[in-house]
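Listed below, chain by chain, are the residues.
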Amino acid sequence: MNPRLAPAMFAITATAYLVAVTQRSSLGVAGVLASERFDVGATALSTLAVAQLAVYAALQIPVGMLLDRFGPSRLILVGALLMSGGQLIVALAPELGVAVLGRMLVGAGDATTFVSGLRIIAAWFPPRRVPIFVQWYGNLGQLGQVLSAVPFGFLLRTTSWTPAFLSVASLAVVTAVAVAVFLRDSPELRRAGEAISVRGVLGKVGQAAKRPGTRLGFWAHFTTQFPGTVFGLLWGYPLMTQGLGLEPAVASSLLPVIVLAGMVLGPFLGVLTGRYPLRRSNLVLICALLILVVWVAMLLWPGLPPLWLLIVLLVVMGIGGSGSAIGFDYARTFNPASSLGSASGIVNVGGFVASFTTMFLIGISLDALGIGVAGAVDWQQYKLAFWVIPGIMLVGLCGLLLSRRRTRGRMARDEGIIIDPIWVAIGRKWFGSGRRGL
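All values derive from a computational prediction rather than experimental measurement. (Residues numbered from 1 in each chain as written. Predicted model: local features only at pLDDT ≥ 70, side-chain atom pairs only at ≥ 80, totals over all residues. Heavy atoms only, no water.)

J.: How should I be thinking about the overall build of the chain in this particular structure?
T.: The secondary structure content of the chain amounts to 21 helices and zero strands. Split into buried and exposed, the 438 residues of the chain put 57% on the buried side. A sequence separation of at least 24 residues applies to 82% of the contacts in the chain between residues at least 6 apart. If you sum the accessible surface of the chain, you get close to 16800 Å²; carbon and sulfur atoms cover 70% of it. (Helix = DSSP H or I, 4+ residues; strand = E, 2+ residues; numbered from the N terminus. Buried < 20%, exposed > 50% of the residue type's maximum accessible area, 1.4 Å probe, protein only. Contact = heavy atoms within 4.5 Å. Areas by Shrake-Rupley, 256 points an atom, 1.4 Å probe, with all protein chains shown as cover.)

The structure is reproduced here in structure tokens:
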């Protein structure tokens, strides 16, 4: 097979991920309407997104095992079919419980897509270019949030719940057809995969989980991915419309800022990751600290925060989303190709465990404060619930720093690679002999 087909394979894979993100984030602008449609409060509403993400996270390791066994294109195809079925159930759901079941199917289908795309990129592109294409893959896929925020939001406002969700279900059907007809797992094989016993698959997962680089990738993803996911998937739209008093159309138009910021800055992170692989964790830390500082500023601001600060927050969360992709580069470089699916699944669990935990805690906090999603909201109370985000970020930063220390210790012991503190490396770069780069 001609390797010049790599751009076409990338385009199909990125489109499949874009459609998956559209399915995932379609609830983001429908939260208030869902509360009214099913007559539920904040905690019950959060179960729609929490159940979806809990299924997504729970399936990451099984999906990684299936990916190593059956190959990526089969999993993307099955995922698209599951998402279309789930959105059909949501579109016709007469009550919350049925809608939750539909969102769980969406989460199951979504779970197969991203890590499968990583395997296709690794198979079709040279190693030095993989981090760059992973950034483009992640950021192009996040355009699905734009589709869900703008055209899907417009459909919700101008038609009704059922036709809007049926429209996004149809996108998944089109994706399934394109994947079935055109997508190849690698230049050599249309359908890849390795016949292996269940014991062998479980052994691969255990070995991947034991590698310190995999755990470092887990915490990198955990710390930087969830703020943007929580904001874009469920709580950002209610926060902006009911907490900050923005018009629904304005709030919908602001949500894509997260995606656009990631698209602009993500490729630079990919270039830096490829050029300075021993300093990837510094990039992750910078992303995480930017998000933490701006969130704290937002929550401590006297009175209503200004619009410019909200936009800065959206931008840094977009940067964090791109930074979370560095976690998958750890999985790629610390694991053999045959275990990449399992390792990527472990890393992907991190951000989504943080996401659904945060979503649920915010919902509980809002109800405990007596704030109904469909009712009036006082910003001074509302923002109390969002201190959950800095709290979860601190947990992630502790895990990240501890995993980085263990990973560097293992590299020094097993490979003789000693990584100096960043300030020492900078000093050597500019004033010393230059024997080790950044």
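J.: I tried to follow the pattern of salt bridges on my own but got confused; where do I start?
T.: It is possible for side chains bearing opposite charge to pair when their charged atoms get close. The tally for this structure, following the rule as stated, stands at three salt bridges. Measuring nitrogen to oxygen at the nearest pair gives 2.6 Å for the salt bridge that ties aspartate 110 to arginine 24. Of this pair, aspartate 110 sits in helix H5 (residues 96–111) while arginine 24 sits in helix H1 (residues 6–25), and the two are 86 residues apart along the sequence. We note a salt bridge from aspartate 329 to arginine 280, for which the minimum N-O separation is 2.9 Å. Of this pair, aspartate 329 sits in helix H17 (residues 326–333) while arginine 280 sits in helix H15 (residues 280–300), and the two are 49 residues apart along the sequence. With respect to burial, aspartate 329 and arginine 280 carry one shared label: buried. (Salt bridge = Lys/Arg side-chain N within 4 Å of Asp/Glu carboxyl O.)

J.: Help me out: how do you make sense of helix H12 (residues 212–243) in this one?
T.: Spacing of three or four residues puts side chains on the same side of an α-helix, whose turn is 3.6 residues. The sharpest bend along H12 comes to roughly 75°, located at tryptophan 235, with the proline proline 238 sitting one to four residues further on. Among the 32 residues in H12, 30 count as buried, and that is most of the element. Positioned one or two residues after H12, glycine 245 has a phi angle of 75°, which is positive. (Bend = angle between axes of the 7 residues up to and from the residue.)

J.: Teacher, can you tell me more about helix H14 (residues 256–275) here?
T.: Taking 1.5 Å as the rise per residue, H14 with 20 residues should run 28 Å; its terminal C-alpha atoms sit 29 Å apart, in good agreement. The sharpest bend along H14 comes to roughly 40°, located at leucine 265, with the proline proline 267 sitting one to four residues further on. (Expected span 1.5 Å × (residues − 1).)

J.: I would appreciate a short explanation of the nonpolar core in the present structure.
T.: One broad rule of soluble globular proteins: the nonpolar side chains tend to lie buried together. Core analysis: the largest hydrophobic core is formed by 125 residues, its most contacted members being Phe165, Phe231, Trp235, Trp295, Met359, Ile362 and Phe386. Element by element, the count of residues in this core is highest for H12, at 13 residues. In this structure, phenylalanine 231 is in contact with Gly236, Tyr237, Leu239, Met240, Leu255, Ile258, Trp295, Leu310, Leu314 and Met317, ignoring residues within four places of it in sequence. (Core = buried A, V, L, I, M, F, W, Y, C linked by side-chain atoms within 4.5 Å.)

J.: What is the right way to read the packing of aromatic side chains from this model?
T.: Remark: the centre distance and the inter-plane angle together describe each pair of aromatic rings, the angle taken between the planes. Applying the stated criterion across every chain, the model contains 20 aromatic pairs. Ring geometry for phenylalanine 222 versus phenylalanine 226: centroids 6.4 Å apart, planes at 55°, classification tilted. Placement of the pair is phenylalanine 222 and phenylalanine 226 together in helix H12, with a separation of four residues, close to one helical turn. With a relative accessible area of 8%, phenylalanine 222 lands in the buried category. Taken together, the aromatic side chains of Tyr17, Phe114, Tyr137 and Phe328 make up a single cluster linked through ring pairs. Geometry around tyrosine 330 places arginine 280 over its ring, the cationic atom sitting 4.2 Å from the centre. (Phe/Tyr/Trp six-rings, centres within 6.5 Å; stacked < 30°, edge-to-face > 60°. Lys NZ or Arg CZ within 6 Å of the ring centre and 35° of its normal.)

By themselves, these are just geometric observations and shouldn't be taken as functional.
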